[in-house]
Number of protein chains: 2
Amino acid sequence: MKTKLHYLDHAATTPVLPEVAEAMGKVLREDFGNPSSLHAAGRRAKELVEDAREQVAAGVGARPDEIVFTGGGTEADNLALKGAAGKLRGNADHMVVSAFEHHAVLDAAHWLGTQGVEVSHVPVGGDGLVDPAAVASFVRPSTMLVSVMAVNNEVGTIQPISEIASAVRAVNPRTLVHTDAVQALGNLPVDLHRWEVDLAAFAAHKVGGPKGVGALFVRSGVALEATAHGGGQERGLRSGTLNVAGIVGFGLAAQSAAKEVHEKAERVGVMRDRLLDGLRAEIPDLVVNGTLGSRIPGNLSISIPGTEGETLLLLLDQAGIACSSGSACASGAIDPSHVLSAMGLPQKLARGSVRFSLGRASTDEDVDAVLAVLPGIVARARRAA
Amino acid sequence: MKTKLHYLDHAATTPVLPEVAEAMGKVLREDFGNPSSLHAAGRRAKELVEDAREQVAAGVGARPDEIVFTGGGTEADNLALKGAAGKLRGNADHMVVSAFEHHAVLDAAHWLGTQGVEVSHVPVGGDGLVDPAAVASFVRPSTMLVSVMAVNNEVGTIQPISEIASAVRAVNPRTLVHTDAVQALGNLPVDLHRWEVDLAAFAAHKVGGPKGVGALFVRSGVALEATAHGGGQERGLRSGTLNVAGIVGFGLAAQSAAKEVHEKAERVGVMRDRLLDGLRAEIPDLVVNGTLGSRIPGNLSISIPGTEGETLLLLLDQAGIACSSGSACASGAIDPSHVLSAMGLPQKLARGSVRFSLGRASTDEDVDAVLAVLPGIVARARRAA
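In this text, all values refer to a predicted model and were calculated from it rather than measured experimentally.

Q: Mind laying out the relation of the copies chain B and chain A, listing which residues take part and the relevant values?
A: For the pair chain B and chain A, the superposition axis carries a translation of 0.0 Å, the fit reaches an RMSD of 0.0 Å, and the rotation angle comes to 180 degrees. In the structure described here, the two chain copies are related by an operation that fits a two-fold rotation axis.

Take a look at the structure:
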């Protein structure tokens, strides 16, 4: 299976960096202490965790004491929304989310809706961008939190988070601003203090780290209710024995992602543009989903009229090319992507969508492989449909 | 720091088994796919997860489709209690927990208490055992769930879970029975179908697996509400990208723990008894916390009159011996252990408690090391107090 795999699904997950795997292996073999233990083995584990906390904080423009380690991006998003609601209920009963958030945000908000929180969904433009003024128009005195993702996971569009935060504060300075930044780290410079958000979610495995680790940035002074209760780790916000090896891996991956962001953007952008130009020459009626103007360089989400994305995906897979239709989390589902629907794409067109996402490990050969086979696959898929 | 470390804190966490570290390293280096992805890399990751699910299920006497992977034991306990409450609210409003549960259960129950669930605490005997009849006496028509741990984490006493489940069902057959079995796996044979529990929590790092992975057993037919919302992984009960490497490690560790349980029990029991006999000869007034009659072989929790557990811990640490006073999660705290308090130990005595927990890696030299230094340390601690 690994001969000639062309992996173009970096938005779903990324290969673990060799130095991350090595550092994690060392921790697993040598440093097994529980960071909550007082003895030498425990103190050593705690030291490793705190070093990683500094690395993650530095990588996202935060202070180490503003980083809460979680079991992943989904848990971080859940902690942000439910933690804010748990703390603020009574004073506030309203939440605003964009219509094309990741399910971790949308479904957490939906659950809060069943608990008496009113949830408003901000419409998204056909360009895949959320308008700060539109967000602000939904904010009321009773709005506890606004959640808009920094980068959409399907179409890769970069949202004006800083402007959204300002616009929200201008209407209600008590409203918390959360951003799901899972797709932002490593793809654009992340500077949370400059963005002036209160909360932000991250996942290690999107930046060359391991699966099963994430973080929630909680701005100093912001109070949340815990979602997992127990031993009181992570200042009581996330109880549970810390995943020391995973956290060490996350620290290294975050540091590396932040350091290489500009170099990677340039290199990956050139490949993405060559992929798009090549495909357009062969499939002139393809539609790029969302604007190319404000998009991370690795993303190419396209819709191909007269095809089914699932079919394209399977045929590409047979040709050794890994990509995605819609987000990976939902790719078992048959419904057209909620992201493309929110952007107003006609259902028929949305069903023919494919996402190529390039990353640090992508090469010109990967692009060549897609250019070599996709036109033929599209022809086959059109005959099948 | 690693020269001559005598690690007698296996109840806090265990060294990762070499074969677990190796298998995880291979996954991290080679199999980075997202198990939710449809392409070859994703299918390979899913295969690894499902193989591990079978290993864990076999190790605990369950079916693979009854295993929900989580980010650890604490998350599993939280999902059990809150998931049951979320599903059953409206029909039931009462929960029963033993007074010496792990904080993951106690604090989740306490939080539910703030949400309108009435919580009863079953008293614990001075022997560290929970009486099935006492549990049953708290059960009412409105009792949604009973939670009693299989093995107490501090004193190592084994609870009559099967009898507790029967006694609860005799009063209310609709009441769910959950057991925090985090300290049971690897220390006694775990057979969930025979125990007839509905829910059971496990943590990989207690059995030679990695930190940051756990599982909740959810008996076929039992419905829970999710606590983490998002991509719908784990049958919608635990959204979030699966920790593939960690889950692979958990599978191997659970398999090995189940296979070696009898051999380990015999070997570790002999060492524990020698440790106790040796200490009694030198410190005749030491008190063993809880009965020795129904206890996992690796646990020796003692109280030493006229000492402070924290002092003993620090002096032992200086001598290269890692152990614990109270549970690791709470060992930053100064309060005497809630477990020993629940067992009726006088506060003064409870403050002088130390827990030695032996495991697979323990050796006669570890026991010798404690026997050589503890009597002198006790004398010093008594002078200090």
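Q: Residue-level account of the pairing of strand E8 (residues 214-218) of chain B, with values.
A: Residue and element names in this part refer to chain B. Counting buried residues in E8 gives five out of five residues, a clear majority hidden from the surface. Across the two faces of E8 the burial is the same, with Gly214, Leu216 and Val218 and Ala215 and Phe217 all buried. With four bridges connecting them, strand E2 (residues 67-70) and E8 associate as antiparallel partners. Paired with Thr70 across the two strands is Gly214, which belongs to E8. Across five bridges, the pairing between strand E7 (residues 199-203) and E8 is antiparallel. From the neighbouring strand, Ala203 faces E8, where its bridge partner is Gly214.

Q: Could you give me a rundown of the pairing of strand E7 (residues 199-203) of chain A, with the residues and numbers involved?
A: Residue and element names in this part refer to chain A. Where burial is concerned, most of E7 is hidden: five out of the five residues are buried. Side-chain alternation along E7 places Leu199, Ala201 and Ala203 on one buried face and Ala200 and Phe202 on a second face that is also buried. Two strands pair when backbone bridges link them, and strand E6 (residues 176-180) and E7 are joined in this way by three bridges, in the parallel orientation. Residue pairing for E7: Asp180 is matched across the bridge by Ala201.

Q: Outline empty space enclosed by the protein, supporting the account with residue identities and numerical values.
A: Under the counting rule described, the total for this entry stands at ten cavities of 30 Å³ or more. Roughly 310 Å³ of internal volume is contained in the largest cavity. Lining the largest cavity are 33 residues, and of these Thr241 of chain A together with Thr74, His102, His205 and Lys206 of chain B lie nearest its centre. Residue contributions to the lining of the largest cavity peak at four residues, all from helix H3 (residues 73-88) of chain B. In terms of residue class, the lining of the largest cavity is made up of eleven nonpolar, 14 polar and eight charged. In this structure, the second largest cavity occupies an estimated 150 Å³ of space. If you go around the second largest cavity, you meet 21 residues; those closest to its centre are Pro210 and Lys211 of chain A together with Leu28, Asn243 and Ala245 of chain B. Every element with two or more residues in the lining of the second largest cavity is listed here: helix H1 (18-30) and helix H8 (244-259) of chain A together with helix H1 (18-30) and helix H8 (244-259) of chain B.

Calculation notes
- Residues numbered from 1 in each chain as written.
- Chains lettered and ligands numbered in written order.
- Predicted model: local features only at pLDDT ≥ 70, side-chain atom pairs only at ≥ 80, totals over all residues.
- Heavy atoms only, no water.
- Least-squares fit on C-alpha atoms with pLDDT ≥ 70 in both.
- Buried < 20%, exposed > 50% of the residue type's maximum accessible area, 1.4 Å probe, protein only.
- Helix = DSSP H or I, 4+ residues; strand = E, 2+ residues; numbered from the N terminus.
- Pairing = 2+ DSSP bridges.
- 1 Å grid on protein atoms, 1.4 Å probe; cavity = no way out; pocket = protein on both sides within 12 Å on 5 of 7 lines; lining within 4 Å.
- Points joined across faces, edges and corners; volume = space filled by probe spheres on them.
- Nonpolar A, V, L, I, M, F, W, Y, C, P; charged D, E, K, R; others polar.

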